[in-house]
Amino acid sequence: MPYDVPGRADDLAPGLVKSWNDRIAAEFARLEPSFGSRFFSIDPVAVGSTARVPVTWFGDPAEPAFCLGAAAAQRLSDWDERGRAVLHNEYCEYAAVRAVDADGRRRLKRVQVTTELREYWVTLARSSPDAVRGLVTGITGTEPAWTDLYGVADPTALSEDARESAFAALVAGGQQGPPSGPLNTRNALFMSHPINGLDDLLFIIMFGARPLFTDRAGTLEPATKEQIFRESGSEHLACRHADPAAAMAAHGAAVSGRTVGFADPLGMYIQSFARDVFLLDGAPLPDGWVRFSRGDEGLHQRLEVGPPDDDPRFLDEAVTAEGATDEPVVGGHQIVRHVEVGPFVVVGPQTPLADGERTVLTTSDAPIVCREATVCQSIEQLQREFDAAHAGPLRRVGPRRTEPTG
Amino acid sequence: MTLQEGVYHAPGARPGRALVLFFLQAAPGADAATVGAALQRLWNVWRGLVRGAVVDLPGHPVPADALTVLLGYGQKAFTLPGARRAVPAALLTGSFRSPQPMGGGRVVVGSGLSYSPEVRQNPATEEIAVQVVAETQLAVNRVVVETWKATHDGTDPATGVAPLTLTAFYQGFQRADGRSWIDFHDGVSNLRSEERAGVITIKPTGDDEQDWLVGGTYLAFLRLSVDLARWRGIDRAAQELLVGRDKLTGAPITAVGADGPVTVAGCPVAGTTEVIEPGNEAFREPPDVTDPVVDLSHVQRANHHARPASDASSLRIFRQGYEFLEPHGAAPGFRAGLNFVSFQDTPDRVVRILRQPTWLGRTNFGGDPDVDPAAAAALLSVQAGGTYVVPPVDPVEPFPGAGIFA
């Protein structure tokens, strides 16, 4: 299972590459007892095909859209660190970089988009503080202080476990919450949402890679998305972009008796960006305003849209030409709506399915009403918090009546 | 609430052989109530025709010829003075752009499809679109004339202005050979019947203002003319790689070999000659391919085979197009093409297909426009185009969408 580093973005010492592979192996070992089968292989070589197949979906958060509608989805997703921490769960996160213009106004300068896996960075941070500091320096252009990465002046004095814990708290975030430091909140260095992880990515492919069928008048047909997610009690996952796309791609392989695996290098990639949708002064964005990085061609994990620091212009001068009219660019949601993300997989040859391998589901295939998902309650709460945070001072609008000015 | 008639998605349903799509423009300054009342009168005329009743021929019915009439509303309908409904958000981002003042211009920014150079005004942007389908040309044409009669009779004698005016109409016909004017098979891999409702019908969102649309659909229309002289200048192998199918049999192409395009093995099955014949059902949807040239063909760009089709991310649409042939002042004296008509739960599916680079973005039809002159050429030109919301049938409304007006 010798995977190269995600995107082949870094030239690492063999020991660090091994550490990354060890982390993948550990995550797989944890999931294998529940979700392992011959229809998924953690070893891409064993799959029997080298042709990379992209599995893609769009990067804009689905949940706020089906809970509250498109306008609220944009507004909440663009709510800086708070929006990112709650909503950016389609394996695509972004941060808006703002700067002050000549008139002293704080304006949108760039949007950074990342699909880099948190676990890769944590692996480096655990084993090699120098390596992780080099990555941050390469991305931000400024060498970070050790205290911003680990909370101490000398991380080499910490044990590996302590380094991982400190880095997770300050930079990586995770199950305990979003990062508390500014490095990966003011920037989008890599993904920090707790369900954009390597384990989630492995899980959703392994979850889908099962030959599940349904009986239609005596004929076995592949089970539907609704049946598959309902059978496991996880209907809410079926409403996102990422989970059904990944699971159903793997399921499509499994029902043909094919084995699926991650193509080398395992990672989450930016598969396409419709840059032509964005115009500056009626023309396409200058080349310097669209920068892919953190990976070889076709394996990029990072996208920055907007002018560099030495350019006096701002991204909010560009427009997005989505419909019949142009709208000014106000945040990252407008960018990731036009970004396709996803992993590459390899799919093995078709093989016969033994009778015992087929599982026939009897769960309902009725449509899943996404709006009724419980996640909508927390998103409605986020909307209330947003409203409260953006309510300005009250002004009198009539006898005994006020309204916020914000 | 149920879908309006005229979307032939049920198992075994076949659309009638003839199409007319026409557009109604509201008089300048007319308010929503006035337009609604005029539309009510027209609706009564059309329901009569569906039963074979002509206003001027009481007691003398005519053959209805399986006539269906479907009503759609464009953005302008929602901006009439006094309109009771907000513009559906999806119409704002899912509309086509206007032509350039001197003609031409992209129909969607990022797309390789442009208006024809002589098109300076898009006739398909009025308040109301009406799709008429029947088994005979007479039945659909009769609706046009009866509509004119009713609007003419509704003219205010004092001002000479009618609340609604028929501004443009387009005719089309079905062809039984499953091919298009470029001689290749077309529409062969349209959705399976059990998938259609999930693609077509608008689903609940968290936006209460959009609830009235649940169960309805969006209609996308593009009148596409094809440059047959240019097409005939491309040799057969190159044509096949642009389309992604064998020209004669319709078999999907999977690779490019030393001797040219390689089609999927076993298609057409023994005893048949074309993919549309019984026994070839399994071959109608092209398989996933890894050959980079074939991957850029039209059929591969237009359908990434993502499951399930009901997920908006799959970008699957339900096509119900009709070919056309019309006299034309320039050589060769006629214009041939396709009335592209599709139904989907959001027009976002259509515009994303047209602008995303891994889909049909930047290409006019198929292929790689950066390296292949044939792919960069304007084979298809847009004569008119629009997106319209098609409200569901609400038993308490006198006609679909009546709530917009009163």
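Conventions adopted
- Residues numbered from 1 in each chain as written.
- Chains lettered and ligands numbered in written order.
- Predicted model: local features only at pLDDT ≥ 70, side-chain atom pairs only at ≥ 80, totals over all residues.
- Heavy atoms only, no water.
- UniProt positions renumbered as here; feature names shortened; annotations may be inferred.
- Pairing = 2+ DSSP bridges.
- Helix = DSSP H or I, 4+ residues; strand = E, 2+ residues; numbered from the N terminus.
- Disulfide = S-S within 2.5 Å.
- Core = buried A, V, L, I, M, F, W, Y, C linked by side-chain atoms within 4.5 Å.
- Buried < 20%, exposed > 50% of the residue type's maximum accessible area, 1.4 Å probe, protein only.
- Contact = heavy atoms within 4.5 Å.
- Buried area = accessible area lost by both parts, 1.4 Å probe.
- Salt bridge = Lys/Arg side-chain N within 4 Å of Asp/Glu carboxyl O.
- Polar contact = N/O pair within 3.5 Å; in protein donor to acceptor, adjacent residues only side chain to side chain.
- Nonpolar A, V, L, I, M, F, W, Y, C, P; charged D, E, K, R; others polar.

By the naming in an unreviewed UniProt entry, chain B is Dyp-type peroxidase, taken from Pseudonocardia humida. Quoted verbatim from the Cofactor (unreviewed entry) field of UniProt, the annotation for chain B is "heme b". Of the comments in the UniProt record for chain B, the one headed Sequence similarities (unreviewed entry) reads "Belongs to the DyP-type peroxidase family."

**Student:** Can you lay out the sheet that holds strand β7 (residues 260-262) of chain A for me, pointing to particular residues and giving the numbers?
**Tutor:** For sheets, the rule is that strands pair by backbone hydrogen bonds, running either parallel or antiparallel. All names here are of chain A. Pairing is antiparallel in the open sheet, where three strands are placed in the order β1-β16-β7. Only two strands of the sheet have a single partner each, and these edge strands are β1 (53-54) and β7. Taken together, the two bridges between β1 and strand β16 (residues 344-347) define a ladder with antiparallel strand orientation. The residue of β16 that forms the bridge with V53 is V345.

**Student:** How would you summarise the state of the cysteines if you had to cite specific residues and measurements?
**Tutor:** Residue and element names in this part refer to chain A. For the structure shown, the criterion picks out two disulfides over all chains. Residue pairing for C67: its cysteine sulfur links by disulfide to C376, the two sulfurs lying 1.9 Å apart. Taking the sign of the S-S torsion, about -80 degrees here, the bridge from C67 to C376 comes out left-handed. Note that C67 is positioned in helix α3 (residues 63-68) and C376 in helix α15 (residues 375-389), a separation of 309 residues in sequence.

**Student:** Requested: an account of the nonpolar core, with residues and values cited.
**Tutor:** As a rule of thumb, nonpolar side chains are buried together in soluble globular proteins. Core analysis: the biggest nonpolar cluster contains 106 residues, and F40, W57, W121, L149, F167, L303 and I335 of chain A have the highest contact counts within it. Looking at this core element by element, the count peaks at eight residues for helix α13 (residues 242-254) of chain A. The residues contacting W57 of chain A, other than those within four sequence positions of it, are E90, Y91, H241, A242, A245, A246, M268, V339, E340, V341, G342 and P343 of chain A. The next biggest cluster of nonpolar side chains, apart from the first, holds 47 residues, and it includes A32, L42, L71 and A134 of chain B.

**Student:** Break down the UniProt feature "domain: Dyp-type peroxidase C-terminal" (unreviewed entry) in chain B for me, with residues and values.
**Tutor:** Here, UniProt's "domain: Dyp-type peroxidase C-terminal" (unreviewed entry) annotation points to residues 179-356 of chain B. Helix makes up 24% of residues 179-356 of chain B and strand 21%, whereas the separation of the span's terminal C-alpha atoms amounts to 26 Å.

**Student:** Please provide a residue-by-residue account of the interface of chain B and chain A, values included.
**Tutor:** With 28 residues of chain B in contact, the opposing surface of chain A contributes 39 residues. Summed over both sides, the interface of chain B with chain A buries roughly 2600 Å², with 47% coming from carbon and sulfur. On the chain B side of the contact with chain A, R97, R307 and R352 of chain B bury the most area, a combined 24% of that side's loss. Linking D348 of chain B and R337 of chain A is a salt bridge whose minimum nitrogen-to-oxygen distance equals 3.1 Å. Scanning the region where chain B abuts chain A turns up 17 residue pairs in polar contact (both at pLDDT 80 or more). Elements with a contribution of two residues or more to the side of chain B that touches chain A: α2 (89-93) and α10 (348-355) of chain B. A per-class count over the side of chain B that touches chain A returns eight nonpolar, 10 polar and 10 charged.

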